[in-house]
Amino acid sequence: MDYQIYRLLSPILMGFLMLSIGVSIQYIKERISKLLLIYQIAVLFNLVFNYLEFLSDANNLILLFSQFQHLFIHVTTLSWFAFALQYTGNENLLRKKLIGIIGFIVLINLIVVFTSGNHHLFYKELVYISKSGYTILHPVYGPFFWVKISLDYIALMAGTVFIIVSYIRGGSYFRNQSLLVIMGFIIPLIVNILFIYRVIPGLDKDYSAVSFAFTGIFIFISIYRFKLLHFTPMPRNVILHFLDNPIVILDNKLQIIDFNSKASKLFNLSDRNLGCLFSTTEIYTYIQLPWEELREGFFTQKVIRVKDREYDVRINKVSVKENSNKGLIISLNDITDKIDLINRLEKMQVTLIKQEKLAILGQLSAGVAHEINNPLSFIKSNLGVLDKYLKEKHIESQYLSDIEDILGDSLEGVSRISEVVTNLLSFSRENRKEKVVPYQINDGVKSSLVITKNKYRYKAKVILDLGDIPCFLTAGNEINQILINLLTNAASAIPEHCNEGVIKIKTFVESSDIVCEICDNGVPIPQGVDIFEPFYTTKTNMDGTGLGLSISRKIIENEFDGRLFVKDSDEKIFRIEIPVK
């Protein structure tokens, strides 16, 4: 009966094996597919030679086919072990040295099996029995056979242990995948043990080859149902140790239960620290958190300095259910380069703001000189007339009224010069962040208009609608720089020698925000263009850097938590919003 079952099952299982091999070939580029393919081919040849031995009548052919079976069984078990290492993410163990050892063992087995007639280390005695019309080889095995079979068992069991571990640690999808693989390899192991030790009386046929072929069915199902060759479970020791960030894992009693190699190097952790309280380790001296806060996982983030490097520390509570605490995961992210980059960017931004201010001063210098030159001219003329009057020994009364007018005009000119110079000096001086003073945006508008007057005086009139605006504390004159940028752009947008140019400036308070709106009736804003993009400019005479609006927006957002945007592109309304603090 057992022979008839074998004769029926063998061809069917060969078909499944070939189908499974065909599927594996589709993924041949993957290393795990190559190992699985070697295993499947070895199983197939083992079953083929076992079937040929079963059908043969000649003793010499039966012996030859039996020898080939032992060779391919050895290849089967060793390739299974290599597949298990790759499947569970322990491919780092599968080095060239190990592959060389496996190849050497297969070669020694090949030599010993096929030369056993000379030394009888493998087959001690050959016994042929006839049953149900078939001749079966039942040899008495020598010492090398037991060495070989022990190696086979070790390889099978070691590979199975690796996959069982991945089954325990894997998710439900990986567990189903691993379970099929485990079942496919435990079955031949059990069947082989039952046959070798004759546990079942009357079982003369060795079903080991058939039972190994059952793995073809399980692998086929695992490939199609659970994507065996698409992805495999990566165990903790691979993922954790290959992470760039130092990781330390604690249980709910704050005892160290795991850490990766990066944490080990950074905080001098070793296997001796496993099971120790977190408070007794070097890493705790850096984090320095209250014990209860750490236990409850209240703390989430902190920046610490370790060995001249800055680390962003994050602590996450591991919870299965709400309000439960199974442990803590402490991860550190090296942010030293990020901090250095931020510092460099801040310095670069300060430099850009300073350069933009110098560019504006360069643009306004001619106009400022003109504003100063006019009053200086008539002051000089007035002083000349006054000097002439004073040189006369007796000043007639008719000249007294002229002298009063001359002095009045001169004082007005001096006042104009003083106003221009004061506003220019106020704008040009460097910001001192430690000097925080009350600032009135209406005064800033008036000051900026004085500095930019020569830009608009001959082509636009200014309409002011300044509301009752509260003062707020600020450092330096960043807002004045923004106002000058906007006023300069507004004046530049109005064509030269235009008699109908208008610049409107309105300030008011809206929803606890100080608002300043500046609009003009000059050239419209181009459609589909981000005018706040760095270096964008409409000027073709190299009169500007194209950074004015970009820097202005950054100042408003970064320094004041406010906004600078175009409220209405048709009317060209630029709106500044600054929260009142």
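The preceding data block contains the structure.
Residues numbered from 1 in each chain as written. Predicted model: local features only at pLDDT ≥ 70, side-chain atom pairs only at ≥ 80, totals over all residues. Heavy atoms only, no water.

Caption draft 1: Expanded view of the overall build of the protein chain. When you go through the protein chain residue by residue, the secondary structure sums to 18 helices and 16 strands. Across the 581 residues that make up the protein chain, the buried fraction comes to 44%. Sequence-distant contacts in the protein chain: of pairs separated by 6 or more residues, those separated by 24 or more amount to 64%. (Helix = DSSP H or I, 4+ residues; strand = E, 2+ residues; numbered from the N terminus. Buried < 20%, exposed > 50% of the residue type's maximum accessible area, 1.4 Å probe, protein only. Contact = heavy atoms within 4.5 Å.)

Caption draft 2: Molecular detail of the nonpolar core. Leu483, Leu486, Ile503, Ile505, Cys516, Ile518 and Ile576 are the most contacted members of the largest nonpolar core, which has 33 residues in total. At the level of elements, helix H15 (441–451), helix H17 (478–493), strand S13 (501–510), strand S14 (513–520), helix H18 (548–560) and strand S16 (573–579) are the ones that each hand at least two residues to this core. For this core, the leading source of residues is H17, giving seven residues. Those residues in contact with Cys516 that sit more than four places away from it in its chain are Ile441, Val445, Leu483, Ile505, Lys506, Thr507, Phe574, Arg575 and Ile576. (Core = buried A, V, L, I, M, F, W, Y, C linked by side-chain atoms within 4.5 Å.)

Caption draft 3: Quick look at the packing of H17 against H18. The contact between H17 and H18 brings their axes to 10 Å, and the two run at 150°. What the angle tells us is that H17 and H18 run roughly antiparallel. Of the two elements, H17 crosses H18, and the hand of that crossing is left-handed. Contacts between H17 and H18 involve Glu478, Ile479, Ile482, Asn485, Leu486 and Asn489 on the former and, on the latter, Gly548, Leu549, Ser552, Ile555, Ile556, Glu559 and Phe560. (Axes fitted to C-alpha atoms, helices over the stretch in contact; angles between N-to-C directions. Parallel < 35°, antiparallel > 145°, perpendicular 65-115°, else oblique. Left-handed = near helix turned anticlockwise from the far one by under 90°.)

Caption draft 4: Looking closely at the side chain of Lys459. Assignment of secondary structure puts Lys459 in the loop between helix H16 (453–456) and strand S11 (460–466). From its side chain, Lys459 meets the backbone oxygen of Ala491 in a polar contact 2.8 Å long. (Polar contact = N/O pair within 3.5 Å; in protein donor to acceptor, adjacent residues only side chain to side chain.)

Caption draft 5: Geometry of the side chain of Glu517. The topology assignment puts Glu517 in strand S14. Within polar-contact distance, the side chain of Glu517 engages the side chain of Lys567 at 3.2 Å. Within the structure, Glu517 has its side chain in polar contact with the side chain of Arg575 (distance 2.6 Å). Among all residues touching Glu517, those that are not within four sequence positions of it are Lys504, Ile505, Lys506, Phe508, Lys567, Ile573, Phe574 and Arg575.

Caption draft 6: Focus on the sheet that holds S16. Pairing is mixed in the open sheet, where five strands are placed in the order S11-S13-S14-S16-S15. In the strand order of this sheet, the two ends are held by S11 and strand S15 (563–568), each with one partner. The sheet shows a mean angle of 20° between the axes of neighbouring strands, direction not considered. Note that S13 and S14 share eight bridges and pair antiparallel. Bridging across to S14, Ile505 finds its partner in Ile518. H15 contacts S11, S13 and S14 of the sheet and is inclined by roughly 170° relative to S11. Taken strand by strand, H17 contacts S13, S14, S15 and S16, and its axis lies near 20° from that of S14. (Pairing = 2+ DSSP bridges.)

Caption draft 7: The packing of helix H3 (residues 59–87) against helix H4 (residues 96–114), seen in detail. Packing of H3 against H4 leaves a shortest axis separation of 10 Å and a crossing angle of 170°. As judged from the angle between their axes, H3 and H4 are roughly antiparallel. Like other packed secondary-structure pairs, H3 and H4 cross with a definite hand, here right-handed. For the pair formed by H3 and H4, the contact residues are Leu64, Gln67, Phe68, His70, Leu71, His74, Val75, Leu78, Phe81 and Leu85 on the first element and Leu98, Ile102, Ile105, Val106, Asn109, Leu110, Val113 and Phe114 on the second.

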